[in-house]
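Here is what each chain is made of, one letter per residue.
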Amino acid sequence: MASVSSASVPLVRIPSQLPCFRLNHGKVHFLSRYSKTKTTHLSINSSVRMCSVAASDSPVSTALYEQSKRVWIWTENSQVMTAAVERGWNTFIFSSQNQGLVNEWSSIAFIDPLIIKEGGIFDSAGKRVATIFEVSTPADLKKVQSEDEHTGNVVIDLLDWQVIPAENIVAELQGSQTTAFAVSKSPAEAQLFLEALEHGLGGVVLKAEDVKAVLDLKEYFDRRNEVHNRLSLSKATVTQVHAVGMGDRVCVDLCSLMRPGEGLLVGSFARGLFLVHSECLESNYIASRPFRVNAGPVHTYVAVPGGKTSYLSELKAGKEVIVVDQKGKLKTAIVGRVKIETRPLILVEAKYWTLLPQRDANDQTVYSILLQNAETVALVCTHKGNTMQKTAIPVTSLKVGDEVLLRLQGAARHTGIEIQEFILEN
């Protein structure tokens, strides 16, 4: 997702934590982590990057995400303001009649107020930082580019259509120095604007009086965050392969095409998910289906955005899953269809061998997965160097000693969310 910035300004990622609190004349004041001496220019260009600080058991970021999307908040609700500041969004838009609210909020939080008046948006020093347009016709849309390239920022309030005008704006402003914002009345609208023509607009103005809108928009950024990370995958050695009989297996058909080396993370236990290859490889017996992963029986866990898991039986059209490749690079994909059919199954067990210092012995935890016993079903194997020639081993050819990729993580789950508690699964 790309955006054009109106100035070359260092972008700061503000941690999404609760800010510090202090008592002042009987009031509770919450403070941002930055001094009041920061310039308005820096604050107006402040962004929430779609990247995260990785913990040891979390996706590892390959690099800082170079592009950013900007979020301004338009509200009169103090709870919405608080929620936004706590999540790193501190630029707020006010109407010219709300100077009292500007003064009140500025006294209790470090915010950057912008005032709408005379068709423009002005900072606290009276400098115009953006022009606002109401767009309801193609002629209105043309004015966005022709009249205000010198402004640097334009805020567009689409009164009728959403998707097509947003796509037209992205197309017309590509390569220019103008950053376009769209007024969004919900996180769903914001997502449309941020993803229009893949690259999306440079930012959104979230106009909301409900805290949930802020929380949902932040959750959207967190999901997109994962696209620019890499998961840590481990090498596991197959210890057992044998047929077990019939079961209800799930084929997951995605709204995206997968390439060799890509698949879904699934497993019988959440503690270890196998990378099951898509059906994108050519076969003599059946046409390739690069949108499909024959993922396993209905009880199986599958990795979904946000570090969570779902059961394969819970997937349905419109839900999101994460697609991972041999190197741990991931992306999100939407489920288009789920097929559950009774088929012969095969059990695969593997062990991840690691030396535990406290016991001076090998951890021999068993990780297992059940899959349909068919030539088109395969596990992704390890790669060497930059070559990815051997991407997968069909389960029908799998033998003891083969090495496959495994995602190790916490075993205890509650509604798909990892929790800290004792659990024993066999």
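Residues numbered from 1 in each chain as written. Predicted model: local features only at pLDDT ≥ 70, side-chain atom pairs only at ≥ 80, totals over all residues. Heavy atoms only, no water.

## A few points about the packing of aromatic side chains
Filter applied, for reference: For this analysis, a ring pair means two rings from Phe, Tyr or Trp (six-membered ring only for Trp) whose centres lie within 6.5 Å, classed as stacked if their planes differ by under 30 degrees, edge-to-face if by over 60, and tilted for the remaining angles. A run of H or I in DSSP becomes a helix once it reaches four residues, and a run of E becomes a strand once it reaches two; helices and strands are each numbered from the N terminus. Relative accessibility decides the category of a residue: with a 1.4 Å probe and only protein chains considered, values under 20% of the type maximum give buried, values over 50% give exposed, and everything between is partly exposed.
Within this structure, the stated rule accounts for 6 aromatic pairs. A centroid spacing of 6.1 Å and a plane angle of 75° characterise the contact between Phe92 and Trp105, whose relative ring orientation is edge-to-face. With Phe92 in strand 5 (residues 91–95) and Trp105 in helix 3 (residues 99–108), this residue pair connects regions lying 13 residues apart in the sequence. In this structure, Phe92 and Trp105 share a single accessibility class: buried. Between Phe94 and Trp105 the ring centres are 5.5 Å apart and the planes differ by 65°, which places this aromatic pair in the edge-to-face class. Placement of Phe94 in strand 5 and of Trp105 in helix 3 is noted, with a sequence separation of 11 residues between them. Residue Phe94 is classed as buried on the basis of its relative accessible area, which comes to 1%.

## Some details on the pattern of salt bridges
Basically, it comes down to this: The salt bridge criterion pairs a side-chain nitrogen of Lys or Arg with a carboxyl oxygen of Asp or Glu, the two atoms within 4 Å.
All told, the structure shown has 12 salt bridges when counted by the stated rule. A salt bridge links Lys212 to Asp216, with the nearest nitrogen and oxygen atoms 2.6 Å apart. You can see Lys212 and its partner Asp216 sitting in helix 7 (residues 211–225), 4 residues apart, about one turn around the helix. The residue Lys235 makes a salt bridge to Glu403 at a minimum N-O spacing of 3.9 Å. Of this pair, Lys235 sits in strand 13 (residues 234–254) while Glu403 sits in strand 26 (residues 403–408), and the two are 168 residues apart along the sequence. With relative accessibility at 45%, the residue Lys235 sits in the partly exposed group. We classify Glu403 as partly exposed; its relative accessible area is 33%. Three or more residues joined by partner-sharing salt bridges are found here, namely Arg249, Lys339, Glu341 and Arg343.

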